[in-house]
Amino acid sequence: MNVVSFDPQAKVNAERKAELLEVLEEMRKQIEAGEIKEFVACSVNHDGDVQIHASVLDLPGGVGLFEIGKIQLIQYGS
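Computed from a prediction, not measured in an experiment: that's the story for all the values here.

A. Quick peek at the pairing of strand β1 (residues 39-44). Bridge count between β1 and strand β2 (residues 50-55): six bridges; the pairing is antiparallel. Bridging across to β2, Phe39 finds its partner in Ser55. Here β1 hands over to β2 after five residues, with Gly48 in that stretch at a positive phi of 85 degrees.

Here you go:
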């Protein structure tokens, strides 16, 4: 007996997870190489709760990184 499961959403979820992990892996490599000194990232969970993840030297630098990221997203993401 062969069981076939067709769940297109599972494939989409797996692909999205792989994309997220690819970004994190690239950042990890750049941190290890000394190319990244500080970062600010924003994430959203399934419930729509937003988190800001930061590793910064000071608060003004963190706010600046966040604002620069926002501007880049608006200018180049559309």
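B. Inspection of the pattern of salt bridges at higher detail. Per the counting criterion, the structure on display carries four salt bridges. Glu19 serves as the salt-bridge partner of Arg16, at 3.1 Å between the closest nitrogen and oxygen. One end of the pair is Arg16 and the other is Glu19, both in helix α1 (residues 8-32) and three residues apart, which spans about a single turn. Across the salt bridge formed by Glu32 and Arg28, the nearest N and O atoms sit 2.6 Å from each other. Within this pair, Glu32 and its partner Arg28 are both found in helix α1, separated by four residues, close to a single helical turn. Assessed through its relative accessible area of 61%, Glu32 is described here as exposed. Owing to a relative accessible area of 36%, Arg28 belongs among the partly exposed residues under this scheme. Three or more residues are tied together by salt bridges with common partners; here these are Glu25, Arg28 and Glu32.

Rules of the game
- Here the residue numbers are simple positions, counted from 1 along each chain's written sequence.
- Local features in a predicted model are, by the rule used here, given only for residues with pLDDT of at least 70; side-chain atom pairs are given and counted only at 80 or more, and totals for whole chains, interfaces and linings are based on all residues.
- Only heavy atoms go into the side-chain values, all of them from the structure, while hydrogens and water stay out.
- Two strands are said to pair when DSSP picks up at least two bridges between them.
- Numbered from the N terminus, helices here are DSSP runs of H or I no shorter than four residues, and strands are runs of E no shorter than two.
- Salt bridge, as used here, is a side-chain nitrogen of Lys or Arg placed within 4 Å of a carboxyl oxygen of Asp or Glu.
- When accessible area is computed with a 1.4 Å probe and restricted to protein chains, residues below 20% of their type maximum are described as buried, those above 50% as exposed, and intermediate ones as partly exposed.

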